[in-house]
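Architecture at a glance
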Amino acid sequence: MRNRILALAALAAAIGSPLAAQAQSDVTIGRAPAVVDSAPTIAVEQRPAFREYVIEQRVPAFRTPDRVVVGAILPESGITYYDVPQRFGATTYRYTVVNGETVLVEPRSRRIVEVLD
């Protein structure tokens, strides 16, 4: 009986650990770009060129007293969301500048999915 309980516990641990690891795979801690969703974003090697593009476009910055963090919801009005040019990769996200930081936003929910600066 004791062996069956141990075997079941080992089986449950073996099955549960890959699920727990997968659930945590989309979160980055620290100042590195954090991504909430796994949809295509701007590739790491394209980010310097994308930052230059945003500067050249002179996108007006939106100011908010809130911190610019992944998962934050931006307002529906008073802010403009721009398409990411195809040369930086195919993505369904839009970009804007909030408090001086370039962010990628999921257009339907207006949720920040990545902070690029």
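Being a predicted model, the structure only gives us computed values, none of them experimental.

How each quantity is defined
Residues numbered from 1 in each chain as written. Predicted model: local features only at pLDDT ≥ 70, side-chain atom pairs only at ≥ 80, totals over all residues. Heavy atoms only, no water. Phe/Tyr/Trp six-rings, centres within 6.5 Å; stacked < 30°, edge-to-face > 60°. Helix = DSSP H or I, 4+ residues; strand = E, 2+ residues; numbered from the N terminus. Salt bridge = Lys/Arg side-chain N within 4 Å of Asp/Glu carboxyl O. Buried < 20%, exposed > 50% of the residue type's maximum accessible area, 1.4 Å probe, protein only. Core = buried A, V, L, I, M, F, W, Y, C linked by side-chain atoms within 4.5 Å. Contact = heavy atoms within 4.5 Å. Pairing = 2+ DSSP bridges. Axes fitted to C-alpha atoms, helices over the stretch in contact; angles between N-to-C directions.

Concerning the packing of aromatic side chains
Counted according to the given criterion, the structure contains six aromatic pairs. An angle of 70 degrees between the planes, with centres 6.3 Å apart, marks the rings of Tyr 53 and Tyr 95 as edge-to-face. Of this pair, Tyr 53 sits in helix H2 (residues 47-57) while Tyr 95 is found in strand E2 (residues 94-98), placing the two residues 42 residues apart along the sequence.

So, the pattern of salt bridges
Within this structure, the stated rule accounts for two salt bridges. Of the charged contacts in the structure, one is a salt bridge between Glu 114 and Arg 47, with a shortest N-O distance of 2.5 Å. Placement of Glu 114 in strand E4 (residues 111-115) and of Arg 47 in helix H2 is noted, with a sequence separation of 67 residues between them. The exposure class of Glu 114 is buried, given its relative accessible area of 0%.

Some points on the nonpolar core
Among soluble globular proteins, nonpolar side chains are generally buried collectively. Counting residues in each nonpolar core, the largest one holds 13 residues, and the members touching the most others are Ile 42, Phe 50, Val 54, Val 84, Tyr 95 and Leu 104. At the level of secondary structure, the elements contributing two or more residues to this core comprise H2 and E2. Beyond its immediate sequence surroundings of up to four residues, Leu 104 is in contact with Thr 41, Ile 42, Val 84, Tyr 93, Arg 94, Tyr 95, Arg 111, Ile 112, Val 113, Glu 114 and Leu 116. Membership of the second largest hydrophobic core comes to ten residues, among which are Phe 62, Ile 79, Val 103 and Ile 112.

Details of the sheet that holds strand E1 (residues 82-83)
If you trace the four strands from one edge of the open sheet to the other, you get E1-E2-E3-E4, paired in antiparallel fashion. Where the open sheet ends on each side, the last strands, each with one partner, are E1 and E4. Two strands pair when backbone bridges link them, and E1 and E2 are joined in this way by two bridges, in the antiparallel orientation. Across the sheet, residue Asp 83 finds its bridge partner in E2, namely Arg 94. Running at roughly 65 degrees to E2, H2 makes contact with E2, strand E3 (101-106) and E4 of the sheet.

Digging into the pairing of E2
With four of its five residues buried, E2 lies for the most part within the structure. Count of turn residues in the E2/E3 antiparallel hairpin: two residues, of which Asn 99 carries a positive phi of about 50 degrees.

Thoughts on unusual backbone geometry
Phi is positive for Arg 58, close to 50 degrees, though the residue is something other than glycine. Inspection of the secondary structure assignment puts Arg 58 in the loop between H2 and E1. If you check the backbone angles, Asn 99 has positive phi at about 50 degrees while not being a glycine. Locating Asn 99 in the fold gives a position in the loop between E2 and E3.

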